[in-house]
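Descriptive analysis of the structure
Below are the chains, spelled out letter by letter.
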Amino acid sequence: MHVLISGAAGMIGSRLAARIAREGACAGKPLTRLTLTDVFEPPRPAGFDGPIETRTEDSSSAAVAAELASLRPDIIFHLAAIISGEAERDFDKGYRINLDGMRNLLEAVRQESMKNDAYVPKLVFSSSSGIFGAPFPPAISDEFHVTPLTSYGAQKAIGELLLADYSRRGFVDGVGIRFPSIVIRPGKPNASAGGFFSGIIREPLQGLEALLPVGDDVIFTHASPRSAVGFLLHGASLSREQLGPRINLSMPGVCVTVGEQIEALRRIAGDKAVKLIRRAPDPAAADIVKGWPTRFDAHRALSLGFKAEQDFDEIIRVHIEDDLGGHLPN
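Throughout what follows, the structure given in this document is the object of discussion. (Residues numbered from 1 in each chain as written. Predicted model: local features only at pLDDT ≥ 70, side-chain atom pairs only at ≥ 80, totals over all residues. Heavy atoms only, no water.)

1. Brief notes about helix α5 (residues 151-168)
Here α5 is 18 residues long and its end C-alpha atoms lie 26 Å apart, about the 26 Å a rise of 1.5 Å per residue gives. Where burial is concerned, most of α5 is hidden: 13 out of the 18 residues are buried. At the exit of α5 stands Gly170, carrying a positive phi of roughly 85°. (Helix = DSSP H or I, 4+ residues; strand = E, 2+ residues; numbered from the N terminus. Expected span 1.5 Å × (residues − 1). Buried < 20%, exposed > 50% of the residue type's maximum accessible area, 1.4 Å probe, protein only.)

In structure tokens, the structure reads:
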């Protein structure tokens, strides 16, 4: 099994590569080769003795996409993208990377498949709950209409349509994974409009102040980076027959208010950590968040075997295990 990961230097891409290398398998078949590409040099995962190629390049370009397709990977995890806040600020960059990159990859695979009809790779696309737009029902199912309210959401929605059509025509065997909010992201705050969902937990756990730009009543659905990797790997294992004609799926997660996040932090790290959260109302951030979906009816994904955490306490514990060495800093 030859696996290609675009966006392999990112938080989820690097964890996905590490897990595949550690397990030495993907989609139930032994791993024989791993190709990792990103605009920054991807980390080389440990635990796999076979060939690992790390490539530093812009995989959104048509020429690079053609090179990658010519390698004929069996499974492609397409994670290369820029995040929501940046895509909203830089219209041209967002469409070039998030949309043109997807189209160029699909077209490169199609051209490769035309040379040999036997080549039909599995393509796992990282989509987003941002494809949906208000007004929302109490819980959003996969059948809810797609009306994104951001450029990022529009780019992901178009990517889903392209994936469905190229799969229908038999050029790829695709599955789209609509992530909820992925928390708790390690490292420093990024440009994501929803970065505070991670920040109000991550920073206090390390004894640092965190800013909260929205009210405690803001509600959202979350899953951990560990679950995000699990979503991608499980998606790669599903056949077209299992998926049926609707190949883009909303993932499960934990739906909580910001206030409930804070109470989970209190249970695990105490009042001292909670006191490090400073309210800093930001009307612009609040307006963006109001346009996001909050709760999902993920019965299709659950029936297909996708799994996430059961409560927000578990999400915090996963962060402590995976990113803080299994214990809280002194």
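2. What to know about the packing of helix α9 (residues 258-269) against helix α13 (residues 312-323)
At a closest axis distance of 9 Å, the pairing of α9 and α13 adopts a crossing angle of 55°. On the basis of their axis angle, the class for α9 and α13 is oblique. For the pair α9 and α13, the crossing hand works out as right-handed. In contact with Gln261, Ala264, Leu265, Arg267 and Ile268 of α9, α13 contributes Phe312, Asp313, Ile316, Arg317 and Ile320. Along the lines of polarity and charge, the residues of the contact of α9 with α13 split into six nonpolar, one polar and three charged. (Axes fitted to C-alpha atoms, helices over the stretch in contact; angles between N-to-C directions. Parallel < 35°, antiparallel > 145°, perpendicular 65-115°, else oblique. Left-handed = near helix turned anticlockwise from the far one by under 90°. Contact = heavy atoms within 4.5 Å. Nonpolar A, V, L, I, M, F, W, Y, C, P; charged D, E, K, R; others polar.)

3. Structural notes on the side chain of Ser113
In this fold, Ser113 is placed in helix α4 (residues 91-115). A residue is classified by how much of its surface remains accessible, and Ser113, at 5% relative accessible area, is buried. There is a polar contact of 2.7 Å between the side chain of Ser113 and the backbone oxygen of Arg110. Contacts of Ser113, omitting those with residues within four sequence positions, involve Tyr119 and Phe171. (Polar contact = N/O pair within 3.5 Å; in protein donor to acceptor, adjacent residues only side chain to side chain.)

4. Describing the environment of Ala80
For Ala80, the location among the structural elements is in the loop between β6 (75-78) and α3 (84-89). Under the relative-accessibility criterion, Ala80 is labelled buried at 16%. The sequence separation of Ala80 and Pro138 amounts to 58 residues, and the corresponding C-alpha distance is 31 Å. Apart from the residues within four sequence positions on either side, Ala80 is in contact with Ser6, Gly7 and Ser59.

5. Considering the environment of Asp173
The topology assignment puts Asp173 in strand β8 (residues 173-179). In the structure, Asp173 is positioned 140 residues away from Arg33 in sequence and 20 Å away in space, judged by C-alpha atoms. Ignoring sequence-local partners within four residues, the contact set of Asp173 consists of Val120, Pro121, Lys122, Leu123, Ser167 and Arg240. Within the structure, the side chain of Asp173 is placed 3.4 Å from the side chain of Lys122, a separation counted as a polar contact.

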